[in-house]
2 protein chains.
Amino acid sequence: MNADWDVTTLLEGMVRDLRPRVDPEQTAMIGIFTGGVWIAQALHRALGLKTALGQLDISFYRDDFSQIGLHPQVRASDIPFAVDGRSIILVDDVLYTGRTIRAAMNEIFDYGRPANILLAVLVDRGGHEVPVAADIAALRLNAAAGGQIKLRGPDPLRLELLTSPRTAS
Amino acid sequence: MNADWDVTTLLEGMVRDLRPRVDPEQTAMIGIFTGGVWIAQALHRALGLKTALGQLDISFYRDDFSQIGLHPQVRASDIPFAVDGRSIILVDDVLYTGRTIRAAMNEIFDYGRPANILLAVLVDRGGHEVPVAADIAALRLNAAAGGQIKLRGPDPLRLELLTSPRTAS
């Protein structure tokens, strides 16, 4: 069983939730590679943010780095604004264990001390392993339901729910 | 105006919420100095956890360390169990900006890679500045209400709400 969601509609919901919490002149945005950057590009455009979009590759910051080894395509992080005192919206496609977000926060704090970081995700998958939470989520799922969520893109963006193959083996 | 809460009743609620999520033989607990350690001692006893209680002093890990300087009484952190693969309950008295919890997570990960960290606090004060959330909170307040929350102790434990003195000056 596969189920697809209309990503355009989900993004519209995120924009609606974010707009009252954003100052287009001041608020900055950072997307996490790869899916988070796709989502961030759409949100950044829709919200008309003036500060250039940042992007993070947290491969080196993950706490399981030594277990998974180096990803063959390590991309450079790029934060094209001063982080100190800044209000930042951190964007990812799927929030699951929270470990990626913990790593992303650490990388942001290596650049400076932001006034605040708001987390916006397309899907909150549940099943957090560290006490991290999304401020904005277009879709909140129950981890107990199982299955995998995958954002395909970048054009078009498509969100797939794949039920766990474990039952088939 | 001051308001006091019955901390004993609040702790009973936390124990009730924690019990189904705890394995007394395996689950470990860490309190954050000073108030978090007081709360953790009470929870640890009530839940009958077998692993010795840990404690963290996050003074050196805070992101505003350079702004507030060194606290005159820096205490040693003490984690008397192997962190790798462990389920850990992290305990603090008041969750406010979330920066202390981010620092505490980083200190825990310096010891090893836990299976998961669950955050239990006496009071979630609201007003988070980083995307950190409590899994268990005896009391959830609206930050917009203003005022300060302070846990006095250790014997007896007493929770005080002090409304902001700014209006009086």
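Conventions used here
- All residue numbers refer to position in the chain's written sequence, counted from 1.
- Chain A is the first chain written and ligand 1 is the first ligand written, with later ones labelled in order.
- Where totals are concerned, whole chains, interfaces and linings use all residues; where local detail is concerned, this predicted model gives features only for residues with pLDDT of at least 70, and gives and counts side-chain atom pairs only at 80 or more.
- Side-chain numbers here rest on the full set of heavy atoms in the structure, without hydrogens or water.
- Residues below a pLDDT of 70 in either copy are left out; the C-alpha atoms of the rest, at least 70 in both, set the least-squares superposition of the copies.
- When checking whether two residues touch, look at their non-hydrogen atoms; a contact exists if any pair is within 4.5 Å.
- Joining two parts hides part of their accessible area as seen by a 1.4 Å probe, and the buried area is that hidden amount summed over both.
- The term salt bridge refers to a pairing of a side-chain nitrogen on Lys or Arg with a carboxyl oxygen on Asp or Glu at a separation within 4 Å.
- Each polar contact in these results corresponds to two N or O atoms within 3.5 Å; when the atoms are within protein, one needs to be able to donate a hydrogen and the other to accept it, and residues that are neighboring in sequence are counted only if both atoms are side-chain atoms.
- We count a stretch as a helix when DSSP gives it H or I for four or more residues in a row; a strand needs E for two or more, and each element gets its number in order from the N terminus.
- Partly exposed residues are those whose accessible area sits between 20% and 50% of the maximum for their type, while under 20% is buried and over 50% is exposed, using a 1.4 Å probe and protein chains only.

Undergrad: Mind showing me how you'd approach the relation of the copies chain B and chain A here?
TA: Each of the two chain copies can be generated from the other by rotation about an axis followed by a shift along it. Between the two copies, chain B and chain A, the superposition gives an RMSD of 0.0 Å; the rotation angle is 180° and the shift along the axis is 0.0 Å. One copy is carried onto the other by what is essentially a two-fold rotation axis. Residue Val132(B) of chain B places its C-alpha closer to the rotation axis than any other residue of that unit, at 2.2 Å.

Undergrad: How do you make sense of the interface of chain B and chain A when you look at a structure like this?
TA: Interface size, as often reported, equals the accessible area lost upon joining of the parts. Contacts between chain B and chain A engage 21 residues on the former and 21 residues on the latter. A buried area of about 1800 Å², summed over both sides, lies between chain B and chain A, and 53% of it is on carbon and sulfur atoms. The interface formed by chain B and chain A holds 0 salt bridges in total. One can count 11 residue pairs in polar contact (both at pLDDT 80 or more) joining chain B with chain A. Mapped onto the side of chain B that touches chain A, the elements with two or more residues apiece are helix H4 (99-111) and strand E5 (116-124) of chain B.

Undergrad: I tried to follow the environment of Gly127(A) on my own but got confused; where do I start?
TA: When you line up the elements, Gly127(A) lands in the loop between strand E5 (116-124) and strand E6 (136-140). A relative accessible area of 38% places Gly127(A) in the partly exposed class.

Just geometry here; none of it tells us what the structure is for.
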